[in-house]
Amino acid sequence: MEEYSVIGKRVPRIDAKEKVMGQAKYAADYSLQGMLWCKVARAPYPHARILNIDTSRAERLPGVKGVVTGKDFGGWTWGFMAITSDEPPLAVEKVRYLYEGVAAVAAVDEETAEEACELIKVEYEELPGVFDPEEAMKAGSPVIHDYRPNNVSVEYHWSFGDVDKAFAESYIVREDRFETGKVVTGFLEPPASLAYYDPSGSITVWPSKQSPYFHYRHLAACFKLPLSKIRIIQPFIGGGFGGTKNDSVAGDFCVVMLSKKTGKPVKYVYPMEEVLTTCRRRHNMIIYNKMGMTKDGLLTAVASRVIGNGGGYTAIGPLTMYLAGCGTTMPYKLPNYKYDAWRLFTNNPVSAAMRGHGFTHTRFACDIQMGMLAEELGIDPVEIKMRNAIDNPKRGEEYRTINDISFKTCGLKQAINAVVEDRLWAERNTMAREAGPKTYGVGISGTTYQGGARQLGHQSCAAVVRICEDGTVNLITGATDCGQGSDTVLAMIAAEELGARYEDISIKRVDSAYTPVDPGSYGSRVTLLAGQATQLAARDAKKQLLDAAARAWGIAPEEVEIRSGFAYPRSKPDRRISFEKLAKIACYEGSGAVVLGRGHSDYGLEEIDFNTGTGNGGTSYSFTAQTVRLAVDMDTGKIDVTDFTIAHDGGVPLHPVSVESQNEGGAVQGQSQAMYEQFIMEKGYTHNHTLLDYKMPRSTDSPDIKVIDIITDDPDGPFGAKEASEGSIVSTPPALVDALHDATGIWFKELPVTPEKIVKALKEKGRWPT
Amino acid sequence: MTMEEIRITVNGKKEELHVKPWATLLDALREELGLTGTKEGCGLGECGACTVLMAGMPVNACLVLAMEANGKHIVTIEGLAKGDGLHPLQQAFVDIGGLQCGFCTPGMILSAYALLHENPDPTDEEIRKGLEGNFCRCTGYTKIIESVRVAAGRMKG
Amino acid sequence: MRVRIKTTVHMPEVPAEIETEGGTLRDILAMLLAGTPVAREVIDPGTGEMRPEGVFEVSLNNVPHNRLPEGLATAVHDGDTLTLSLILIGGG
């Protein structure tokens with residue numbers, strides 16, 4: 001790896017200081033004079049027609065300043081695509097999931113707003129509901145959206161090669177049913193926003209959004225204002241993980257509308273219960289997977305039939321179902337593939353995106369099925385992965401899958417080797433196997449995830465680098481750091497490209513009035529796309545500095561070097577001056593100059609056809625191999641996960657601390673969704689709507705984690721980088737379930753694998769009680 | 001409804017506040033004193049984001065009535081740093097990278113502070129146990145444990 | 001004349017092929033989309049004009065409409081392929 005001054009170094013996070021001091025401000029921390037509080041009134045039925053709303057009593061309550069209902073939004077709806085814009089800010093003619101918002105109140109304090117919500121009288125005609133996607137598919141089921149009378153929100157049928165022929169010629173074929181759990185993003189900071197609608201026709205908002213520019217477009221469309229009059233000032237964000245904070249929620253629209261009505265700033269903060277009952281969840285999917293192999297364990301074909309539980313509205317569903325299918329042709333060579341997928345409307349909270357979007361479901365099914373086939377064929381589980389793994393393409397070449405996804409680097413084999421050589425796997429037979437009632441198991445997985453997401457539509461981004469006259473640097477982009485550390489990486493990229501010191505870079509908070517558009521944090525795109533934009537902007541600014549130095553020294557600009565905060569003629573390195581001095585020369589020469597660099601990402605586009613499944617939505621793909629060691633208490637079914645080793649091919653780790661932290665956090669999130677998290681639903685009602693009952697791991701539940709960087713130096717990423725945010729949430733569930741199989745001999749196909757499921761399975765095998 | 005008067009010392013400073021009888025210490029700190037470093041995650045005492053020290057003990061400020069805090073010494077995250085310098089715990093979190101989104105961080109650091117006060121030389125197991133009441137969704141806890149371990153080492157001198 | 005319609009996202013209301021007397025791109029689009037839920041996104045309520053910008057990228061025989069010399073007023077011929085590529089407004 002090249003010697004860089006800043007890239008690859010373990011610098012402190014650029015925002016660490018304000019966070020540890022409690023000075024970082026999140027949306028709920030903002031206040032304005034005369035501010036009102038907003039509460040959303042919610043429907044008590046999962047499926048009902050709204051006959052009448054009487055807000056008069058609420059309006060008369062002292063302290064209430066304004067009330068809005070669905071009608072106030074004039075029939076406006078929004079969605080991920082124009083053809084699926086089926087969601088209103090507040091329900092208008094009917095509600096489609098329990099607690100969907102029907103009205104909102106602005107009052108002098110939260111208690112008054114809550115009390116007013118209870119005084120709003122809504123007449124409903126309760127409708128029969130449907131809660132299971134396979135039920136919703138059946139004829140005669142209640143229709144949730146008139147424009148989709150069969151309740152099918154999204155439907156794809158893809159075919160590559162000839163799976164029927166391939167299965168017929170396979171040595172062995174397996175068919176299994178897998179199911180992923182009903183889970184949610186689990187961020188600690190609930191959605192919140194402070195909004196002010198200026199009567200002269202502009203909106204200013206401080207919302208917790210990891211995609212502030214989607215929200216700014218939503219507001220412009222909803223309130224019929226030009227984009228230049230919508231100002232999103234982004235606070236720090238307390239966790240994103242996709243879904244809710246990439247989108248808008250009822251509260252967001254209500255506070256703006258209430259501000260418009262009352263002339264005052266209005267703020268909402270969702271309590272955690274509202275988050276767990278109404279915010280976007282990860283889709284839960286049923287996967288009927290069929291996989292064929294030759295006698296040597298080589299994949300011949302996969303046919304996946306996937307049913308997604310969509311909830312009450314479409315949201316980003318079409319992309320989810322595309323991603324759930326497109327990744328099956330990687331990271332193992334697959335010559336024949338058939339994908340049939342349906343996303344069903346049900347009367348449940350809306351399912352949307354979450355970290356590992358789409359891939360987590362089908363990579364889980366395929367990785368486990370490979371393990372099952374390996375067992376049947378008597379082939380070592382590592383061996384079978386290595387036989388099928390896609391090789392790292394040679395420099396200048398790329399690998400193309402049968403559905404037209406291409407990539408130039410693939411470190412899967414190196415990653416698998418790394419975890420296999422690591423002590424967790426290598427010494428697994430010398431470690432304790434039993435300890436009292438506990439049996440230990442070690443499992444392995446090899447998976448992939450998309451990075452640098454780019455699709456048709458405004459997905460591109462830009463950056464501006466401004467050299468201050470004292471040599472410090474302002475980095476201005478629309479890119480959002482929702483906690484993953486992208487601000488740090490962008491600042492490092494700017495410093496490296498400019499030749500300035502990391503400490504002298506100041507990255508500014510997103511403010512749509514001043515920062516260039518960026519779609520936000522999702523699809524692991526910020527480091528890649530905004531990173532490239534930053535690189536180009538820094539180069540542009542640097543050119544101006546090089547020109548200034550060249551003029552000052554009477555040499556050609558190509559002969560000037562700027563590095564680590566110093567500038568010098570290459571031929572005379574001891575004639576160096578500080579970056580600060582160079583900035584002064586550039587800025588104060590003659591009448592002065594403003595050194596401003598701009599750049600935008602120019603990766604371009606490979607069109608995706610959702611209907612046929614062809615095309616490539618990613619700039620590059622990461623590859624992760626993982627081992628998991630755990631202990632199963634054979635009496636209680638309780639699982640103690642003790643160790644993870646994660647080998648992640650993220651191209652090049654630009655900020656090793658963040659890469660490790662993302663892998664660690666993603667893995668624990670994956671562990672959580674594989675063994676703890678599940679919403680207990682009953683006819684649309686969420687039984688476990690507190691953090692106590694919706695279990696997510698604490699410090700005592702998470703294992704010791706080791707992260708190994710696999711370096712493939714991708715030609716498409718800035719400084720060789722690929723994604724390093726989502727790989728480990730895809731790799732953890734199959735490795736964990738593989739470890740459970742090692743400990744119990746049982747393959748678990750339904751997530752989460754709870755103690756009850758383990759005991760039940762042991763009992764069925766006559767092994768419980770012990 | 002009458003407002004109640006309370007006198008609390010926050011980060012060494014004496015404060016006289018008028019609060020609603022049902023206001024929590026969290027409300028008082030954030031709304032009355034503008035100390036927004038202490039966060040509300042769940043409002044039910046299940047996540048630890050609102051951890052502050054009351055009479056030296058780590059408490060969930062959302063479960064303490066403001067009136068209950070009357071006469072007590074409260075330390076919030078804003079009160080940990082002295083002057084321009086950071087407390088060794090804060091510095092360790094910065095150096096090791098024991099945070100991502102930072103929302104759990106104030107509560108986490110204060111819980112760690114209380115832990116190290118009681119047990120200046122904890123094992124990793126004891127650190128995990130000591131922070132069990134503070135939920136983090138971002139980091140997977142690994143670098144948090146490391147930060148506390150490093151801080152403990154530095155504080156022992 | 002017969003015109004083939006390709007969409008990159010499933011739109012059940014839009015057929016794969018249509019028979020028509022003739023017309024411009026704009027006419028064909030109006031015919032395809034007028035009765036669908038997306039009509040109000042692409043048809044200006046004030047003028048009744050077809051405005052697919054921001055919603056679809058419309059291509060005729062693989063050439064984007066804004067690169068055609070006559071844009072949406074381009075005449076469509078028998079055997080042409082009209083492609084509607086959806087512009088996505090979100091991510092996750």
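Residues numbered from 1 in each chain as written. Chains lettered and ligands numbered in written order. Predicted model: local features only at pLDDT ≥ 70, side-chain atom pairs only at ≥ 80, totals over all residues. Heavy atoms only, no water.

A.B. asks: Please clarify how the overall build of chain B should be interpreted in this entry.
C.D. replies: A tally of regular secondary structure across chain B gives five helices and five strands. Element order for chain B, N to C, with α for helix and β for strand: β-β-α-β-β-β-α-α-α-α. Here chain B has a C-alpha radius of gyration of 16 Å; the compact-globule value for 157 residues is 15 Å, and the two agree. By principal-axis analysis of the C-alpha atoms, chain B measures approximately 50 × 30 × 25 Å. Taking all 157 residues of chain B together, 57% fall into the buried category. (Helix = DSSP H or I, 4+ residues; strand = E, 2+ residues; numbered from the N terminus. Rg over C-alpha atoms; globule rule 2.2 N^0.38 Å. Buried < 20%, exposed > 50% of the residue type's maximum accessible area, 1.4 Å probe, protein only.)

A.B. asks: What am I meant to see in a nonpolar patch on the surface here?
C.D. replies: Residue and element names in this part refer to chain B. The grouping of M1, M3 and W22 at the surface amounts to a nonpolar patch, some 360 Å² of accessible area in total. Secondary-structure assignment places M3 in the segment before β1 (4–10). On the accessibility criterion, M3 (43% relative accessible area) is partly exposed. (Patch = residues over 30% accessible without salt bridge, like charges linked within 9 Å, V, L, I, M, F, W, Y side chains within 5 Å. Areas by Shrake-Rupley, 256 points an atom, 1.4 Å probe, with all protein chains shown as cover. Salt bridge = Lys/Arg side-chain N within 4 Å of Asp/Glu carboxyl O.)

A.B. asks: Could you clarify how one ought to interpret the sheet that holds strand β2 (residues 13–19) of chain B in this entry?
C.D. replies: Sheet strands line up and pair through hydrogen bonds in the backbone, either parallel or antiparallel. Residue and element names in this part refer to chain B. Strands sit in the order β2-β1-β5-β3-β4 across an open sheet of five strands; the sheet is mixed. For this open sheet the edge positions go to β2 and β4 (57–60), each flanked by a neighbour on one side alone. Averaged over all adjacent pairs, the angle separating strand axes in this sheet is 40°, with direction ignored. Pairing geometry for β1 and strand β5 (residues 73–75), over two bridges, is parallel. Within β5, the position partnered with T9 by the bridge is H73. Contacts from helix α1 (residues 25–32) reach β1, β2, β3 (51–54) and β5, with the element oriented near 105° to β2. Helix α3 (residues 105–118) contacts β3, β4 and β5 of the sheet and is inclined by roughly 40° relative to β3. (Pairing = 2+ DSSP bridges. Axes fitted to C-alpha atoms, helices over the stretch in contact; angles between N-to-C directions. Contact = heavy atoms within 4.5 Å.)

A.B. asks: Help me understand the interface of chain A and chain C in this model?
C.D. replies: By a widespread convention, an interface's size corresponds to the accessible area lost as its parts come together. With 29 residues of chain A in contact, the opposing surface of chain C contributes 23 residues. Buried surface at the junction of chain A and chain C, summed over both partners, amounts to about 2,200 Å²; 59% is from carbon and sulfur atoms. Linking chain A with chain C are one salt bridge. E13 of chain C is the salt-bridge partner of R148 of chain A, the closest N and O atoms lying 3.2 Å from each other. Along the contact surface separating chain A from chain C lie four residue pairs in polar contact (both at pLDDT 80 or more). By residue class, the composition of the side of chain A that touches chain C is twelve nonpolar, twelve polar and five charged. (Buried area = accessible area lost by both parts, 1.4 Å probe. Polar contact = N/O pair within 3.5 Å; in protein donor to acceptor, adjacent residues only side chain to side chain. Nonpolar A, V, L, I, M, F, W, Y, C, P; charged D, E, K, R; others polar.)

A.B. asks: Where do I start with the interface of chain B and chain A in this structure?
C.D. replies: Each partner contributes residues to the interface: chain B has 48 residues there, and chain A has 58 residues. Surface buried jointly by chain B and chain A totals about 4,000 Å² across both partners, of which 54% is contributed by carbon and sulfur atoms. For the pair chain B and chain A, the interface holds eight salt bridges. Run the count over chain B and chain A and you get 29 residue pairs in polar contact (both at pLDDT 80 or more). Elements with a minimum of two residues in the side of chain B that touches chain A: α1, α2 (88–96), α3, α4 (124–130) and α5 (142–156) of chain B. Among the residues making up the side of chain B that touches chain A, the classes are represented as 22 nonpolar, 13 polar and 13 charged.

A.B. asks: I tried to follow unusual backbone geometry on my own but got confused; where do I start?
C.D. replies: Among all residues save glycine, negative phi is the norm, and among peptide bonds the norm is trans. Residues and elements named next belong to chain A. In this structure, the amide linkage connecting L751 to the following residue, P752, adopts the cis form with an omega of -5°. For the bond running from W768 to P769, omega is 0°, close enough to zero to count as cis. Looking at the element boundaries, P769 is found in the segment after α19 (755–764). The phi angle at K683 is positive, at roughly 45°, despite the residue not being glycine. If you trace the backbone, K683 turns up in the loop between β31 (681–682) and β32 (685–686). Look at K683 and you get exposed, because its relative accessible area is 62%.

A.B. asks: Help me understand helix α3 (residues 110–119) of chain A in this model?
C.D. replies: Since one α-helical turn is 3.6 residues long, residues separated by three or four positions face the same way. All names here are of chain A. Burial in α3 covers these residues: T112, A113, A116, C117 and L119. An end-on view of α3 places all buried positions within 155° of arc, on one side of the element. On its buried face, α3 is in contact with β1 (36–42), β2 (48–54), α2 (56–60), β3 (64–69), β5 (101–107) and β6 (121–126). (Arc of directions from axis to C-beta.)

A.B. asks: Please clarify how the sheet that holds strand β16 (residues 337–345) of chain A should be interpreted in this entry.
C.D. replies: Residue and element names in this part refer to chain A. Read from one edge to the other, the open sheet built from five strands follows the order β7-β16-β15-β14-β8, with strand pairing classed as mixed. Each edge of the open sheet is held by one strand with a lone partner, namely β7 (152–160) and β8 (172–179). Ignoring strand direction, the axes of neighbouring strands in this sheet form an average angle of 5°. The sheet contact formed by strand β14 (residues 284–293) and strand β15 (residues 299–311) spans ten bridges and is antiparallel. Its bridge partner being in β15, M285 is matched across the sheet by G308.

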